[in-house]
Structure formats: C-alpha cells, structure tokens
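Analysis of the macromolecular model
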Amino acid sequence: MDSDPRKLLDAAIADSDAFGAIITHTEGMVYSLAYNFFRNRAIAEDLAQDAYLALFRNLHKLESDMHLVNWLRMTVTRKCIDRTRRKKFRPHLDLDSIPEPRVVSTPPDPVLAEELRQKVSELPAKMQVVVVLRFQEDLKLREIADTMGIPVNTVKTLLRRALIRLRPKVAHLKTEVCYAPTGR
C-alpha cells in the first residue's frame, strides 16, 4: 500500500498537468451527473467547471486520493440543488441544441427513456438527485447519503416518496418497463 495517501492531490497542487489528469479521469462522471439533472449541455458544463474550480481551491483540504471522486460527486450534487433553488429551473430543449451524449448509452426505448426523464424532472430537487444517483449512477443508499451529506434513512425516505410520486405517473408504462437490479 502506498505510504502517501495524498500523492495524487499533492501532485495536482504542484503541477497543472496532474490536475488535468484528475479532470480527465473524472469528467465523464461530473458532466453526466449535471447533465442528467438539468438536461442542458450549457448548464452541465458550467456546473462541471464550477465543481473543478471548487476542487482546485480545496485540494489541500482533502484527506486522501480516495476521497476525490466522492468529494466531486457531493460537490456537483450540491451545486445542482443550489442552482435549482436559485433559478427555479424549468427544463427545456431546443431542437437546434440537442446535445451529443458524452457517455455512450443506448436505452432500450428512447421514447420511454425520455418520458421517464421528464417525470423525474418534475420531482423536487432532492428527490431528483436521489433517483438519479440511485438508478443512473447505480449507487448504494449509503453512498448516496455520503454524497448528499444526509442520513441513510433520509435517503430511503426521499427515494420512497419519489417512487410513490412517480408510480401513478408511469403506471401506463408498467407492461413496457422491467427494472432488474444489478445485485447491489
């Protein structure tokens, strides 16, 4: 085991290339979280940039390299919630600005996936974050709690309430959708 738990972080403080390597390693996750929350490329890019600026300012505060991804995930999640509170964001998408996906994924049914995204976007901000972290990022409840800085029971409550709100809205899709857990 490496005797210096801050090897990557200390290198990033001293060298901009090392910080660039951190960005390259984590940019897909950071952008994906922000994009899936707002469905807007420009906002997702702004939030990712803000998250990396916050990371640069707080590199010296992180305990070890292992905390880096969790810290970034928590920061992006909080920035999404803050932005929603400030602007009362209403998702919209112009046909001319349809984003190219950064993460290659082929949903089984694009129309169904879009309808589900729309229904999730109608939820309150914290419920949206919990649903996205659980089902898109496939995080465990404990990881979601750590990311959001809230107790596990609060995560369970938010997830349960979100699913209760979504269930009647997507009842007509019941025969079309089959969620199979990945064994977590």
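What counts and what doesn't
- Residues numbered from 1 in each chain as written.
- Predicted model: local features only at pLDDT ≥ 70, side-chain atom pairs only at ≥ 80, totals over all residues.
- Heavy atoms only, no water.
- Helix = DSSP H or I, 4+ residues; strand = E, 2+ residues; numbered from the N terminus.
- Buried < 20%, exposed > 50% of the residue type's maximum accessible area, 1.4 Å probe, protein only.
- Contact = heavy atoms within 4.5 Å.
- Areas by Shrake-Rupley, 256 points an atom, 1.4 Å probe, with all protein chains shown as cover.
- Phe/Tyr/Trp six-rings, centres within 6.5 Å; stacked < 30°, edge-to-face > 60°.
- Lys NZ or Arg CZ within 6 Å of the ring centre and 35° of its normal.
- Axes fitted to C-alpha atoms, helices over the stretch in contact; angles between N-to-C directions.
- Parallel < 35°, antiparallel > 145°, perpendicular 65-115°, else oblique.
- Nonpolar A, V, L, I, M, F, W, Y, C, P; charged D, E, K, R; others polar.
- pLDDT = per-residue confidence, 0-100.
- Core = buried A, V, L, I, M, F, W, Y, C linked by side-chain atoms within 4.5 Å.

Moving on: the overall build of the protein. The helix and strand tally for the protein stands at eight helices and zero strands. Counting from the amino terminus, the protein carries its helices and strands in the arrangement α-α-α-α-α-α-α-α. Residues classed as buried in the protein amount to 40% of the 184 residues present. Taking the contacts inside the protein whose residues are at least 6 apart along the sequence as the reference set, 70% of them involve residues at least 24 apart. Accessible area of the protein: about 11,700 Å², with a carbon and sulfur share of 54%.

With that settled, the discussion passes to the environment of Val129. Position of Val129 among the secondary structure elements: in helix H6 (residues 125-136). Residue classification places Val129 among the buried residues on the basis of a relative accessible area of 4%. The spacing of Val129 and Leu159 is 30 residues in sequence and 9.5 Å in space, taken between C-alpha atoms. Sequence-distant contacts of Val129, defined by excluding residues within four places in its chain, comprise Phe37, Thr77, Ile81 and Met148.

It is worth spelling out the packing of aromatic side chains at this point. In total, this model carries three aromatic pairs according to the counting rule given. Plain terms: the ring middles of Tyr31 and Tyr35 are 5.8 Å apart, the flat faces sit at 10° to each other, and that makes the pair stacked. Here Tyr31 and its partner Tyr35 are both found in helix H2 (residues 16-38), four residues apart, which amounts to about one turn of the helix. Grouping residues by exposure puts Tyr31 and Tyr35 together as buried. A centroid spacing of 4.9 Å and a plane angle of 75° characterise the contact between Phe37 and Phe38, whose relative ring orientation is edge-to-face. By the burial criterion, Phe37 is buried, and Phe38 matches it. A cation over a ring is seen here: Arg134 above Phe135, with NZ or CZ 5.6 Å from the ring centre.

Below, the discussion takes up the packing of H6 against helix H8 (residues 152-169). At a minimum axis separation of 9 Å, H6 and H8 run at an interaxial angle of 95°. Judged on the interaxial angle alone, H8 and H6 are roughly perpendicular. Contacts from Lys126, Met127, Val130, Val131, Arg134 and Phe135 in H6 reach Val155, Leu158, Leu159, Arg161, Ala162, Leu163 and Arg165 in H8. Residue classes in the contact of H6 with H8 are distributed as nine nonpolar, no polar and four charged.

Attention now goes to the confidence of the model for the protein. When pLDDT drops low, the exact placement of atoms in the prediction is not to be read closely. For the protein, the average pLDDT comes to 81, and 79% of its residues sit at 70 or higher. Residue range residues 180-184 is modelled with pLDDT below 50. Its contacts to residues more than four positions away, or to other chains, number five contacts.

This next bit is on the nonpolar core. Residues Val30, Leu55, Leu72 and Met148 are the most contacted members of the largest nonpolar core, which totals 50 residues. For this core, the secondary structure elements donating two or more residues are helix H1 (7-14), H2, helix H3 (41-58), helix H4 (68-87), H6, helix H7 (141-148) and H8. The element best represented in this core is H2, accounting for eleven residues. Not counting chain neighbours up to four residues away, the residues in contact with Met148 comprise Thr77, Arg78, Ile81, Lys126, Val129, Val130 and Leu133.

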